[in-house]
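Chain by chain, the residues run as shown.
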Amino acid sequence: MEQQIQEQVQDYYGTQLASSQDLKTNACCTTDVPAAHKKILATLEAEVLEKYYGCGVCVPAAVQGCTVLDLGSGSGRDAYLLSSLVGEQGHVIGVDMTDEQLAVARRHVQTHTERFGYARPNVEFRKGYIENLASAAIADNSVDVVVSNCVLNLSTDKAATYREIFRVLKPGGELYISDVFADRRVPEALRHDPVLYGECLSGALYIEDFRRLLRDLGIRDYRLTEQRQLTINNEEIERKVGNIKFYSMTVRAFKLDLEDQCEDYGQVATYLGAAPDEPHGFRLDDHHYFETGRPVLVCGNTADMLTYTRYGQYFRVDGSKERHFGLFDCSSPTASTSSSTEAASSCGC
Ligand SMILES: C[S@@+](CC[C@H](N)C(=O)[O-])C[C@H]1O[C@@H](n2cnc3c(N)ncnc32)[C@H](O)[C@@H]1O
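Residue positions are given per chain, counted from 1 along the sequence in the order it is written. Where local features are concerned, this predicted model is filtered to residues with pLDDT of at least 70; where side-chain atom pairs are given and counted, the filter is 80 or more; whole-chain, interface and lining totals use all residues. Heavy atoms from the whole structure form the basis of all side-chain values; hydrogens and water molecules are not counted.

## Regarding the site of the ligand
Line of reasoning, step 1. The criterion for a residue being near a molecule or strand is simple. One of its heavy atoms has to lie within 4 Å of it. In the vicinity of the ligand there are 22 residues, among which Tyr53, Gly72, Asp96, Thr98 and Gln101 approach most closely.
Line of reasoning, step 2. N or O atoms within 3.5 Å of each other form a polar contact, as long as, within protein, one can give a hydrogen and the other can take it, and as long as residues adjacent in sequence are counted only when both atoms are side-chain atoms. Tyrosine 53 places a main-chain nitrogen or oxygen 2.8 Å from an oxygen atom of the ligand.
Line of reasoning, step 3. Aspartate 96 places a polar side-chain atom, nitrogen or oxygen, 2.6 Å from an oxygen atom of the ligand.
Line of reasoning, step 4. Protein chains bury 99% of the 590 Å² of accessible surface belonging to the ligand in isolation.
Line of reasoning, step 5. Secondary structure follows DSSP: runs of H or I at least 4 residues long count as helices, runs of E at least 2 residues long count as strands, and numbering of each begins at the N terminus. Broken down by element, the residue count for the shell around the ligand peaks at three residues, all from helix α1 (residues 2-16).
Line of reasoning, step 6. Each residue is assigned to one class: nonpolar for Ala, Val, Leu, Ile, Met, Phe, Trp, Tyr, Cys and Pro, charged for Asp, Glu, Lys and Arg, and polar for all the others, Gly among them. Taken together, the residues of the shell around the ligand break down into 11 nonpolar, nine polar and two charged. The Shrake-Rupley method, run with a 1.4 Å probe, gives the accessible areas here. Residue values count only the displayed protein chains as cover.

Below you can see the structure in the form of C-alpha cells.
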C-alpha cells in the first residue's frame, strides 16, 4: 500500500501536473516572498518557476558557505535560490524520487551556475527517497541545513524520514521546513484518495503527532516561524475533508539536546546585526524578534539555539546555566498568545 501511494505521488508530480496552474487546491502555493529572494527568483529559468509546488518560504537566514539538503527538491526552485545564497563555497543537494522533476531541475544547472558567476556548479540533484537518504548517498552528520518545501506530508513513513533528517544533520545543524499540518489526525480512508494525498492534504501530520515524533527522536523544542490556514478553494475537496483544518506552517528545529520546557537561567541574548540581509533584527520564531543591539531575556533553549548553531556568530549570549530561576515566563508581551496549534507552556513546542 505504501509503495502504491508513493507511485501515485510520482505520477501526480511527474505526469499529471504540468505547472502550478494545474493544482486543484491552494495547499501548494506560497504567498509572501522576502525582497532579497524576489531578486534572485527573477533570475531563475521559467520552467523551474512554473513547476514550483511549495507552500511557504523555506530558506532560513545566514546560509552562506553551508551545505544545504533540499528534500523533495522538485523542479529545483528553492535549490537554485539556495545555490545563490550559499555562495560558491557552499553546496546544495536536492533529492527527489520523481524522474520528470529531476530532469527539469538538472536541465538548468549550467545556466544558473553561469548566471551566478560561479566557476563550477555548487548544486546537484540526486535521485532518492527521503525515507532513506542513504539511497542518495547522504552521510551521517554531513549537512548544515535541511530544508523541505511541501514534501514531508507526502512521505509514507514519516518516522523514517525524520530519523534520516537528524542522522544526516551535523550537531547544531538546522531543519527548516514549510509543510502542511492538520489540527487532527486525518482519517485513513482519505489517505487513499490520490488527489487529496497529491495535493499535500491527506498525508498531513496532526501537529501534536509531529511534536511527539520529534520528541521521540530527542528533539524536544521546535519553533514555529509562520503559519496560515489553508482555504482549499475547491468545493468537492472541502466536502471530503469536512471539519479538518489544514495549516501551512514553517518550522525550525535544531540538532541540539534541549529541554522539554523553557527554563529560566537568567540568560540574555543580544543580536549583533551582522547576519547577511538582516541588519536591523533577527527573527527566530513567531514570538522572538531580536532587534539589533537590544538585550533580551531568553530561556535556556533559546540561549542554546543562539549559541551552539551557526547563529552563534551573530549573537552575544550572557549568562550560563549554573543558576536556575524556575520555569521561563512566556507570558511576556513578546511571547505568542496561545493558538490551537501551539502548546501554551513553552517558547516552542
Ligand atoms: C509538492 S512537490 C514540492 C516540490 C518542491 N519542493 C517545490 O517546492 O516545488 C513534492 C515533491 O516531493 C517529491 N517527493 C514526494 N515524496 C517523496 C519521497 N518519499 N522521496 C523523494 N521525493 C519525494 C515529489 O516527487 C515532488 O517533486
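## Structural notes on the pattern of salt bridges
Think of it this way: side chains of opposite charge can pair up when their charged atoms draw near.
Line of reasoning, step 1. We count a salt bridge whenever a side-chain nitrogen from Lys or Arg sits within 4 Å of a carboxyl oxygen from Asp or Glu. In this structure the tally under the stated criterion is 25 salt bridges.
Line of reasoning, step 2. Between glutamate 124 and arginine 126 there is a salt bridge, with its nearest N and O atoms 3.0 Å apart.
Line of reasoning, step 3. Here aspartate 144 and lysine 170 are joined by a salt bridge, their closest N and O atoms 3.0 Å apart. A residue pair is termed long-range when its members are at least 10 positions apart, and aspartate 144 in strand β4 (residues 143-149) and lysine 170 in strand β5 (residues 169-182) qualify at 26 residues.
Line of reasoning, step 4. Lysine 170 sits in the partly exposed class, given a relative accessible area of 29%.
Line of reasoning, step 5. Linked through salt bridges whose partners overlap, the residues forming this network are Glu2, Glu188 and Arg191. A simple rule labels every residue: compare its accessible area, found with a 1.4 Å probe on the protein chains alone, to the largest value its type can have, and call it buried under 20%, exposed over 50%, or partly exposed in between.

## Points about the nonpolar core
Proteins that are soluble and globular tend to have nonpolar side chains buried together.
Line of reasoning, step 1. Residues belong to a common nonpolar core when they are buried Ala, Val, Leu, Ile, Met, Phe, Trp, Tyr or Cys residues joined through side-chain atoms within 4.5 Å. Within the largest apolar cluster, 32 residues are counted, with the highest numbers of intra-cluster contacts made by Leu69, Ile138, Val146, Tyr162, Ile165 and Phe210.
Line of reasoning, step 2. Secondary structure elements with two or more residues in this core: β1 (67-71), β2 (91-96), β4, α7 (158-168), β5, α10 (207-216), β7 (222-229) and β8 (246-254).
Line of reasoning, step 3. Any two residues whose heavy atoms approach within 4.5 Å are treated as being in contact. Contact partners of valine 146, with chain neighbours within four places excluded, come to Leu69, Leu71, Ile165, Val168, Leu169, Glu174, Leu175 and Tyr176.
Line of reasoning, step 4. Ranked by size, the runner-up nonpolar core spans 26 residues in total, among them Ile5, Tyr13, Leu230 and Ile237.

## Considering the UniProt feature "domain: Methyltransferase" (unreviewed entry) in the protein
Line of reasoning, step 1. UniProt positions are given in the numbering used here, feature names are shortened, and annotations may be inferred rather than shown by experiment. In the numbering used here, UniProt assigns the "domain: Methyltransferase" (unreviewed entry) feature to residues 64-215.
Line of reasoning, step 2. Across residues 64-215 one finds 36% helix and 26% strand; the C-alpha atoms that close the span lie 29 Å apart.

## A few points about unusual backbone geometry
Most peptide bonds take the trans form, and the phi angle of most residues other than glycine is negative.
Line of reasoning, step 1. Positioned with a positive phi, asparagine 141 is a non-glycine residue whose angle comes to about 50°.
Line of reasoning, step 2. One can find asparagine 141 in the loop between β3 (123-127) and β4.
Line of reasoning, step 3. Here the phi dihedral of asparagine 233 falls at roughly 60°; this positive angle occurs in a residue that is not glycine.
Line of reasoning, step 4. One can find asparagine 233 in the loop between β7 and α11 (235-241).

## Topic: the sheet that holds strand β13 (residues 315-318)
Line of reasoning, step 1. The strand order across the open sheet formed by three strands is β12-β9-β13, and the pairing between neighbours is antiparallel. Each edge of the sheet is formed by a strand with only one pairing partner; in this case those strands are β12 (296-298) and β13. This sheet shows a mean twist of 30° between the axes of neighbouring strands, independent of strand direction.
Line of reasoning, step 2. Relative to β12, strand β9 (residues 267-271) is paired through three bridges, and the arrangement is antiparallel. Of the residues in β12, the one forming a bridge with glutamine 267 is valine 298. We call two strands paired when DSSP finds no fewer than two bridges between them. To define axes, lines are fitted to C-alpha atoms, for helices over the stretch in contact only, and angles between the resulting N-to-C directions are given on a 0 to 180 degree scale.

## A short note on the pairing of strand β10 (residues 281-285)
Line of reasoning, step 1. With respect to burial, β10 is a largely interior element, four of its five residues being buried.
Line of reasoning, step 2. One ladder, built from four bridges, connects β10 with strand β11 (residues 288-291); its direction is antiparallel. Residue aspartate 285 lies in a different strand from β11, and its bridge partner there is histidine 288.

## Regarding the side chain of serine 148
Line of reasoning, step 1. Within the fold, serine 148 resides in strand β4.
Line of reasoning, step 2. Overall, the relative accessible area of 1% leaves serine 148 in the buried class.
Line of reasoning, step 3. Leave out the neighbours within four places in its chain, and serine 148 touches Cys58, Asp70, Leu71, Tyr176, Ile177 and Ser178.

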